[in-house]
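Listed below, chain by chain, are the residues.
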Amino acid sequence: MPVELSYPGLKCVLEFLEANKRIHISSRSPRLKRIERCVPLYLSTLNIRSNVVELNKMTYAIIEREVNSRMYPAIQFSKQVRKSVSIGVERRVQEKDGKKNYEIVREFLQGLIRGRKTIRVNQLVFERYYSTILQLPSNFKVRINKFDSGYTNPEYFLPLIDSSSFPLKELKLRYPERLDQSIVQSSEKLVIFVDEEYPRNHLIDIHKLPNRSAITKFRSLNEDTYSNIIDYWLYKRRETGKCFMINGCKTRMMEIATDLKKKYNGKMVKWNGTEFSSNPNTNYISIPLNDDFVIAVYVTSHSEDEWNSSHQIVMKTMSIDEFIPAEDSSEDKTLIKIKAPEYPGQNDLFIAFVRLLILLAIFFFVCSLLLKNKSFTKRTHN
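No experiment lies behind these values; they were computed from the predicted model shown.

A. Layout of the packing of helix H1 (residues 7–15) against helix H3 (residues 30–37). Packing of H1 against H3 leaves a shortest axis separation of 10 Å and a crossing angle of 75 degrees. Comparing the axis directions of H1 and H3 gives the class roughly perpendicular. Between H1, through Tyr-7, Leu-10, Lys-11 and Leu-14, and H3, the contact on the second element is made entirely by Arg-31, Leu-32, Ile-35 and Glu-36. Its residues assigned to classes, the contact of H1 with H3 comprises 5 nonpolar, no polar and 3 charged.

Below you can see the structure in the form of structure tokens.
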């Protein structure tokens, strides 16, 4: 006969259960719901945008449906199973006269956080031009590691972030107007998305950022700015933690990389490690910086699938010990570096094992509840 999980054991199972499954299961049992609210809720991603809330890979979107010539609000639940495929259902919202979509989102979020002591989010995202917090509950506050403020000043969202979150592990900005904010400069990793016009007046500001790692991603860049970046490094003659990534077509990126190699007397080198061992022919351009560091220049390819891929030049300072001389640099195609997998395969078995343990614990708990209910029913009839 299965033994019912103890209170501490049940809390442990709920804490490490995927957030959407946990919320769904606990909503079916008042006892579970009370316990679940006392356990910290962990979210991989909380993405908030107009009329949409995304918890991990589950999306809750406010839509309108016509029923008997009248429009009614509904929540569409959908889960992405593959990059281009998602499955979902809809649930009609209890109608109130004059209720706005943002009010429905606010009620949904209020139901999520009500009674919880701790919500921990790995990555909090506000997409596009998110200019209002009307759809957020007044007591909305989360503890986060990474933050994407979209096109809005990140200081605008400070009241929503628990103070224990700082310094952030990562902050993403789009077209930032100010880089002197504390939330920006204290972030361990800073990712800035800008266009070609931005660096003309702000390139020095980017170079002076104190962040341990600062990545600037350009849609495009003029040739003079490439040289300005390298010239600044050569003038300072030190490692900066800065990385510049510029998008473009493969042919153009190759031409620019080759031109920079000739202009700065760069050498072709290979990566002295196993991170990109799946593509051992990858070559880098190495421009001497000082006795310990070089300026590395290479072209990277990010493939979404066999039909879509993007190319970009990457420029950053790296340790001279990370490279060895290249044996063959006769072909420009060796400058292409394939993006390393985000989640190494050796972790898959561990993740599957943890999931199996959680499912088994839930199974035994449900079985114990059913047996107790059956026993109680039997005694009642007797």
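B. The pairing of strand S9 (residues 189–194), seen in detail. Both strand S8 (residues 170–174) and S9 contribute to a ladder of 5 bridges, which runs parallel. For Arg-174, the partnering residue across the bridge sits in S9 and is Phe-193. Of the strand pairs in this sheet, S9 and strand S10 (residues 213–218) are connected by 6 bridges, and their pairing is parallel. If you follow Leu-190 over to S10, its bridge partner there is Ala-214.

C. Expanded view of the confidence of the model for the protein. Averaged over all residues, the pLDDT of the protein is 78; the fraction at 70 or higher stands at 73%. Put simply, strand S17 (residues 336–338) is where the protein has its lowest mean pLDDT, 53, and strand S7 (residues 143–148) is where it has its highest, 96. A low-confidence stretch, residues 329–333 stays under pLDDT 50, and its non-local contacts, those more than four residues away or across chains, total 5 contacts. Every residue in residues 340–348 is under pLDDT 50, and counting partners more than four places away or in other chains gives 2 contacts.

D. A look at the packing of helix H2 (residues 19–26) against H3. Packing of H2 against H3 brings their axes to within 8 Å, and their N-to-C directions diverge by 140 degrees. Taken together, the axis directions place H2 and H3 in an arrangement best described as oblique. Counting all contacts with H2, which are made through Arg-22, Ile-25 and Ser-26, the residues of H3 involved are Leu-32, Lys-33 and Glu-36.

E. Focus on the side chain of Thr-59. By the element assignment, Thr-59 lies in strand S3 (residues 58–67). When near neighbours in sequence (up to four residues on either side) are disregarded, Thr-59 contacts Arg-49, Val-52, Val-53, Glu-54, Gln-76, Phe-77 and Ser-78.

F. Up close: H2. When H2 is considered as a whole, its buried residues turn out to be Ala-19, Asn-20, Arg-22 and Ser-26. All buried residues of H2 project into a common sector of 160 degrees when viewed along the axis, lining one side. Among the residues of H2, the N-terminal cap falls to Glu-18, whose side-chain oxygen and the backbone nitrogen of Asn-20 are separated by 3.0 Å.

G. Representation of the nonpolar core. Ranked by size, the top nonpolar core spans 65 residues in total, and within it Leu-46, Phe-147, Tyr-226, Phe-244, Ile-313 and Met-315 carry the most contacts. Once residues lying within four places of it in the same chain are set aside, the contact partners of Met-315 are Tyr-226, Ile-229, Ile-230, Trp-233, Lys-242, Cys-243, Phe-244, Ile-246, Leu-260, Ala-296 and Val-297. With 11 residues, the next largest nonpolar core counts Val-294, Tyr-298, Met-318 and Phe-323 among its residues.

H. Molecular detail of the packing of aromatic side chains. Applying the stated criterion to the full structure yields 10 aromatic pairs. An angle of 15 degrees between the planes, with centres 6.2 Å apart, marks the rings of Phe-218 and Phe-244 as stacked. One end of the pair, Phe-218, is in strand S10; the other, Phe-244, is in strand S11 (residues 242–248), with 26 residues separating them in the sequence. In this structure, Phe-218 and Phe-244 share a single accessibility class: buried. With centroids separated by 5.7 Å and ring planes inclined at 65 degrees, the aromatic side chains of Trp-233 and Phe-244 adopt a geometry described as edge-to-face. Of the two residues, Trp-233 sits in helix H7 (residues 223–236) while Phe-244 sits in strand S11, which places them 11 residues apart along the sequence.

I. Just the pattern of salt bridges, in detail. Tallied over the full model, the rule gives 9 salt bridges. The salt bridge partner of Arg-49 is Glu-54, with a shortest N-O separation of 3.6 Å. One connected set of salt bridges, linked through shared partners, spans Arg-22, Glu-36 and Arg-116.

J. Focus on the environment of Pro-210. Inspection of the secondary structure assignment puts Pro-210 in the loop between helix H6 (199–207) and S10. Sequence separation of Pro-210 and Ser-187 is 23 residues, and the distance between their C-alpha atoms is 9.2 Å.

K. Representation of unusual backbone geometry within the structure. Note the cis peptide between Phe-166 and Pro-167, where omega equals 0 degrees. By the element assignment, Pro-167 lies in the loop between S7 and S8. Positioned with a positive phi, Asn-56 is a non-glycine residue whose angle comes to about 55 degrees. Examined against the element boundaries, Asn-56 turns out to sit in the loop between strand S2 (52–55) and S3. You can call Asn-56 buried: its relative accessible area is 13%. At Asn-265, a residue that is not glycine, the phi angle is positive and equals roughly 55 degrees. The topology assignment puts Asn-265 in the loop between helix H8 (250–263) and strand S12 (267–271).

What counts, and at which threshold
- Residues numbered from 1 in each chain as written.
- Predicted model: local features only at pLDDT ≥ 70, side-chain atom pairs only at ≥ 80, totals over all residues.
- Heavy atoms only, no water.
- Axes fitted to C-alpha atoms, helices over the stretch in contact; angles between N-to-C directions.
- Helix = DSSP H or I, 4+ residues; strand = E, 2+ residues; numbered from the N terminus.
- Parallel < 35°, antiparallel > 145°, perpendicular 65-115°, else oblique.
- Contact = heavy atoms within 4.5 Å.
- Nonpolar A, V, L, I, M, F, W, Y, C, P; charged D, E, K, R; others polar.
- Pairing = 2+ DSSP bridges.
- pLDDT = per-residue confidence, 0-100.
- Buried < 20%, exposed > 50% of the residue type's maximum accessible area, 1.4 Å probe, protein only.
- Arc of directions from axis to C-beta.
- Polar contact = N/O pair within 3.5 Å; in protein donor to acceptor, adjacent residues only side chain to side chain.
- Core = buried A, V, L, I, M, F, W, Y, C linked by side-chain atoms within 4.5 Å.
- Phe/Tyr/Trp six-rings, centres within 6.5 Å; stacked < 30°, edge-to-face > 60°.
- Salt bridge = Lys/Arg side-chain N within 4 Å of Asp/Glu carboxyl O.

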